[in-house]
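Each chain is listed here by its residues.
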Amino acid sequence: MSNQDYNMRQLLEMGACTNCQVCADVCPAVSASLDGHLSAVYRIKGLKEVLKRRAGFLGRLFRRKPLSQEEWKGFSDTVFRCTLCGNCQEICPVGINLKDLWLSLRQDLVHSDHYPKKINMIRDNLAEDRNVFAEDNEERAEWVEDMPNPPDDGYMREKARVVYFTGCTAAYFPVAQKIPMALAEILDRSNVDFTLLGEDEWCCGFPMLGAGLMDMFEPFRDHNLEALREKGAREVLFACPSCYQMWREFYPPEFRISHATQFITRLIREERVPLRELDMTVTYHDPCDLGRGAREFDAPREVIRSIPGLSFVELPRNRENCQCCGGGGNLEMVDAGLSAQIAGQKIEEILSTGADAVITSCQQCVRTMMTYVRRNKIALEVLDITQLVHRALEK
Ligand code: SF4
Ligand code: SF4
């Protein structure tokens, strides 16, 4: 039991909900499942009830019966069937910080022991292997060996100005490994002084945030900071918007941090990336954590527009209104079917633009959309922006 998982601002904000229900209209989980119980408005009502009926001061004050196991389970199931996309927060007319609230709520449900047991797998994997997929952490940089011309040092340098923090998904998933391969080559061609951390890179903490497991974050943060200091680094580079979000919000401001879209924009402006013409029509999917989360909408569009010959068409819902791909919030682990349904909605919207390819800036978005496209044999290319730039590199 833990009402302490909420701060005073959150408790006050809950009371400000006017029940207008516009948050339900934009929720990808609701539109894909047609289940209104997954909406923000329903969840706020449930949360208020939990706080009132919980044993303790408020429970005694309101003289309510505690929730039954069944009621807890029903509520908890809806809380974890959410992609944490932040669309509800973006539209809420009274400005409730809904995404923060969902994170506190998940933490509360873990502390209260009412959570999907798959969360235990995330906790155990992280505790034992330092990555969320239970892979051998010593193999974090093994993707380098699969590059066409891997460098002798495997991009593992003793000292460097920039550390490229790859993140768990890009390190271990073959589909996503194309992203670090592309980015490493772009950095090489632009003479950037960079290194990887290899086995000294531990999970950034993002899966803990979404799973309500932030109690285990501190040693991971301290370890990563120390690894960076040992490299003498000044800047950390991420292709993963979720790693980038964690460093922005939960690490001390000791290093300059950049997302790949921002870093590549700088390189292009400095004329360090020789780009040839590409004859393609592309659209762009704003990853939730980079777009709504970090408010970075312009850098990826600048990169796309700097490639000669490319034709760019916006999605009907773009920038801050962009719809989630279905890959966020650990949803795939909790309800893979719903995650795929959300991906299906996304792909339909992309196909309506007539683009040959959808470009995004997130390994998880690439993985989710590509899995859907492949399973359903849809003729659409899914590329990370690093792969697009890599394709346009003059040979
Ligand atoms: S964060 Fe996204 S998926 Fe979750 S309730 Fe809000 S709109 Fe729905
Ligand atoms: S949009 Fe905001 S105020 Fe309206 S129902 Fe949703 S949470 Fe409440």
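To be clear, the structure that these remarks concern was listed above.
About the criteria used
- Residues numbered from 1 in each chain as written.
- Chains lettered and ligands numbered in written order.
- Predicted model: local features only at pLDDT ≥ 70, side-chain atom pairs only at ≥ 80, totals over all residues.
- Near = placed C-beta within 6 Å.
- Nonpolar A, V, L, I, M, F, W, Y, C, P; charged D, E, K, R; others polar.
- Helix = DSSP H or I, 4+ residues; strand = E, 2+ residues; numbered from the N terminus.
- Buried ≥ 20, exposed ≤ 12 C-beta atoms within 10 Å, placed from the backbone.
- Axes fitted to C-alpha atoms, helices over the stretch in contact; angles between N-to-C directions.
- Parallel < 35°, antiparallel > 145°, perpendicular 65-115°, else oblique.
- Contact = placed C-beta atoms within 7 Å.
- Pairing = 2+ DSSP bridges.
- Core = buried A, V, L, I, M, F, W, Y, C linked by C-beta atoms within 7 Å.
- Expected span 1.5 Å × (residues − 1).

**Observations concerning the site of ligand 2**
Here is step 1: Cys-17, Cys-20, Cys-23, Val-41 and Cys-92 are the nearest of the 13 residues found near ligand 2.
Here is step 2: The residue makeup of the shell around ligand 2, split by class, is 10 nonpolar, 3 polar and no charged.

**What to know about unusual backbone geometry**
Here is step 1: Phi at Asn-19 is positive, roughly 65 degrees, even though this residue is not glycine.
Here is step 2: Along the chain, Asn-19 turns up in the loop between α1 (8–14) and α2 (22–25).
Here is step 3: In this structure, Arg-295 takes a positive phi of about 55 degrees despite not being glycine.
Here is step 4: Secondary-structure assignment places Arg-295 in the loop between α16 (289–293) and α17 (298–305).
Here is step 5: By C-beta crowding, Arg-295 is classed as exposed, having 10 other C-beta atoms within 10 Å.

**Some details on the site of ligand 1**
Here is step 1: As a structural note, the neighbourhood of ligand 1 is formed by 14 residues, with Cys-27, Cys-82, Cys-85, Asn-87 and Cys-88 the closest of them.
Here is step 2: Those elements that place two or more of their residues in the shell around ligand 1 are α3 (28–33), α7 (87–91) and α8 (98–111).

**A word on the packing of helix α19 (residues 336–351) against helix α20 (residues 363–375)**
Here is step 1: The geometry of α19 relative to α20 is characterised by a closest axis approach of 9 Å and an angle of 85 degrees between their N-to-C directions. In terms of axis orientation, α19 runs roughly perpendicular to α20. In this structure, α19 contributes Ser-339, Ala-340, Ala-343, Gly-344, Lys-346 and Ile-347 to the contact, and α20 contributes Thr-368, Met-369, Tyr-372 and Val-373.
Here is step 2: Looking at the contact of α19 with α20 residue by residue, the classes come out as 6 nonpolar, 3 polar and 1 charged.

**Let's talk about the sheet that holds strand β4 (residues 256–259)**
Here is step 1: Strand order in the open sheet formed by 4 strands is β2-β1-β3-β4, with parallel pairing between adjacent strands. Each edge of the open sheet is held by one strand with a lone partner, namely β2 (194–195) and β4.
Here is step 2: For strand β1 (residues 162–165) and strand β3 (residues 235–238), the ladder comprises 4 bridges, and the chain directions are parallel. When the sheet's bridge partners are listed, Val-162 is paired in β3 with Glu-235.

**Side note on the nonpolar core**
Here is step 1: Val-163 and Met-369 are the most contacted members of the largest nonpolar core, which totals 111 residues.
Here is step 2: Broken down by element, this core gets its largest block of residues, 7 residues, from helix α11 (residues 174–189).
Here is step 3: Look past the residues within four positions of Val-163 in its chain and what remains in contact with it is Phe-194, Thr-195, Leu-197, Leu-228, Lys-231, Ala-233, Val-236 and Leu-237.

**Details of helix α13 (residues 218–230)**
Here is step 1: For α13, which comprises 13 residues, the first-to-last C-alpha distance of 19 Å matches the rise-based estimate of 18 Å (1.5 Å per residue) to within 8%.
Here is step 2: Positioned one or two residues after α13, Gly-232 has a phi angle of 70 degrees, which is positive.

**Thoughts on the pairing of strand β5 (residues 281–284)**
Here is step 1: Relative to strand β6 (residues 311–312), β5 runs parallel, the two being bridged by 2 bridges. Opposite Val-282, over in β6, you have Phe-312 as the bridge partner.
Here is step 2: When β5 meets strand β7 (residues 357–360), the two strands line up parallel, connected through 3 bridges. Paired with Tyr-284 across the bridge in β7 is Ile-359.

Functional significance is not addressed by these values, which are geometric in nature.
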